[in-house]
Amino acid sequence: MSKRSEKTIVDIAAELNLSVSTVSRALNDHPNISVRTKEKVKKMARKLGYRPNALAAGLRNNRSRTIGLIIPRISMFFPAAISTIIQNKLQDHGYHLIICQSNDSYEQEVELVNTLYSARVDALAVSTTLHTTDFSHFDVFRNHQIPLVFFDRVPLKQQVKVIKGDDFLGGFTATEHLIKKGCKDIVHISGPLSCSLYIERVAGYKSALQQYKLPFKKSRIFYQELTRENALQACRQIFDKQPYPDGIFAANDTTAITILQYCRSINVRVPEDIKIIGYSNDPRSEIITPSITSIDQSPEMMGERVAAALIEMLHTAPSASQRYSQEIIPIQLIERGSSAGKEVVKGRQPKLKKANKK
C-alpha cells in the first residue's frame, strides 16, 4: 500500500494557477487578499484534504498556540469543571488546550511534564497529585521562563504562581457549622497530608474545635485517599462501637455521600442522630436524600482566574511578582438537609491568622 501523500499549499496554488504566497495569505485571512480569492482557496484546500502544518508553523514563530493542563482525574467533578472553563476561555484567545490526567500517580505526572515540554506547549497549568512533594520536574518550565500556573492542589513553599481555594477557611467553616448545629463530637475524614488541600482543611478543623473549646481527639480524624472504598472502611471503624459521633466533616462529597448511605444501612438517622457536611459541592450532593451540606469552591471562578493568569503571562514580559504571586478563591457554605436543625450555638468570628498569611 502506498503512503498517503499530504497536499501542500503548492498543490493548491497549482490547481488554481495562483502564486504560493497568495495561497498562503488567503489561508491566513490576510487583509490584502480579496474575499472571493480567500473563498476559492479555502474551497480547494478542503477538496484536496489540505492540513496546515501547525508544528512547522510553531517552529517558525516559536509559538505552538497550545497550552498544557495536568489534572489528577478527569472523572472528578471539581477538576473537570475547571478544565471546561479553562478550555473555553483559552479558545477565546486563540489557544488550544491539551488536557492530561496524572491518575494521581507521581511517576505519571513527571512523564506528562516532560512530554508537554517536548511538545513545545506555550504554557502549563497543573493541579498536582496527592503524593507530589518533590516539584523539581517542573524546573524545566521555570528555568526556560515558560508560564507555569499551579491551581487547587499546589506547592506550599515554592516560588510559583498559585491559584487556590481558601482551604483553611473551608475547614474552619465546615466544622463551625456542625458545632453551631449542636455537634460536640465531630469526626473529620481528611485526605493524605502530603497534599496542600488537606493540610489546610485539617488546620481549619482543629482551629474551630479550639475556638469553641471542644477537644481534638486523634481517634476522630482519618487520613486517607477519599474514595468510596476508603470511606466505607472508615465508617466501619467509626460505627464499630458507641458512642457514635454526632457530626462528620468529610473532605469531599464522595465520602460524605458514602457516609450518608452507610448510616441509612445501620439505621442511624441523618440529620437527627448525626449531621454530615462534605466539600466541593458536587452536583450529586444536591439530588441525594437528604441532600448534602457542602463547601462550594467556585470552580468557575478558579477556572477563569487560571486562564486569565496564563494569558497575562503569555502576553507580558516576565516579572517575579507576576510569576510568584498567589490568589485565593473564596469558599461558600451551601446548607442542605444533612445538617438541618436549629442553631444552638451563637456564632463567633474565626481567628484566621493562618489564612491571612497566604
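Placed above this text is the structure.
A. Highlighting the overall build of the protein chain. When helices and strands are counted, the protein chain shows 15 helices and 12 strands. The globule rule puts the C-alpha radius of gyration for 358 residues at 21 Å, and the 26 Å found for the protein chain is more than 25% above it. Taken along its principal axes, the extent of the C-alpha atoms in the protein chain is 85 × 45 × 40 Å. When each of the 358 residues of the protein chain is scored for burial, the buried share is 49%. For the protein chain, restricting intrachain contacts to residue pairs at least 6 apart in sequence, the fraction spanning at least 24 positions comes to 74%. Just so you have it, the protein chain exposes about 18200 Å², and 49% of that area is on carbon and sulfur atoms. Charge centroids of the protein chain, computed over 50 positive and 35 negative side chains, lie 3 Å from each other.

B. Here's a closer look at the environment of Asp166. Inspection of the secondary structure puts Asp166 in the loop between β5 (161–165) and α8 (167–180). Along the chain, Asp166 and Ala123 lie 43 residues apart, while their C-alpha atoms are 25 Å from each other. Engagement of the side chain of Asp166 in a polar contact is seen with the backbone nitrogen of Leu169, the distance being 3.3 Å.

C. Structural view of unusual backbone geometry. Of the consecutive residues Gln242 and Pro243, the connecting peptide bond is found in the cis state with omega at 5°. Within the secondary structure, Pro243 is located in the loop between α10 (228–238) and β8 (247–250). With an omega dihedral of 15°, the bond running from Val270 to Pro271 counts as a cis peptide bond. Mapped onto the fold, Pro271 is located in the loop between α11 (253–265) and β9 (275–279).

D. Up close: the pattern of salt bridges. If you walk through the whole model with that rule in mind, you get 10 salt bridges. One salt bridge in this structure joins Lys161 and Glu327, with 2.9 Å as the shortest N-O distance. Here Lys161, found in strand β5, pairs with Glu327, found in strand β11 (residues 326–329); they are 166 residues apart in sequence, far enough to count as distant. With respect to burial, Lys161 and Glu327 carry one shared label: buried. Measuring nitrogen to oxygen at the nearest pair gives 3.0 Å for the salt bridge that ties Glu200 to Lys164. Placement of the pair is Glu200 in helix α9 (residues 196–211) and Lys164 in strand β5, with a sequence separation of 36 residues. Side by side, Glu200 and Lys164 carry an identical accessibility label, which is buried. Several salt bridges converge on common partners, so that one network encompasses Lys161, Arg305 and Glu327.

Reading the values: the criteria
Counting starts from 1 at the beginning of each chain's written sequence and moves along it residue by residue. Local features in this predicted model are restricted to residues whose pLDDT is 70 or higher, and side-chain atom pairs enter the listing and the counts only when it is 80 or higher, whereas totals over whole chains, interfaces and linings include all residues. Neither water nor hydrogens contribute to the side-chain values; these are computed over all heavy atoms in the structure. Where helices and strands are cited, they refer to DSSP runs of H or I of at least four residues and of E of at least two residues respectively, numbered from the N terminus. The atom set for the radius of gyration is the C-alpha atoms, and the globule formula is 2.2 Å times the number of residues raised to the power 0.38. Exposure classes here rest on a 1.4 Å probe applied to the protein chains alone. A residue is buried below 20% of its type maximum, exposed above 50%, and partly exposed in between. We call two residues in contact whenever any of their non-hydrogen atoms come within 4.5 Å of each other. Areas reported as accessible are Shrake-Rupley estimates using a 1.4 Å probe. Residue values count occlusion only from the protein chains shown. Neither His nor the chain ends is counted toward charge; the positive residues are Lys and Arg and the negative residues Asp and Glu. Charged side chains are reduced to one point each, which is NZ for Lys, CZ for Arg, CG for Asp and CD for Glu. Within 3.5 Å is the distance limit for a polar contact, defined as a pair of N or O atoms, with the added protein rule that one can donate a hydrogen and the other accept it, and that residues adjacent in sequence qualify only through two side-chain atoms. We define a salt bridge as a contact between a side-chain nitrogen of Lys or Arg and a carboxyl oxygen of Asp or Glu at a distance within 4 Å.

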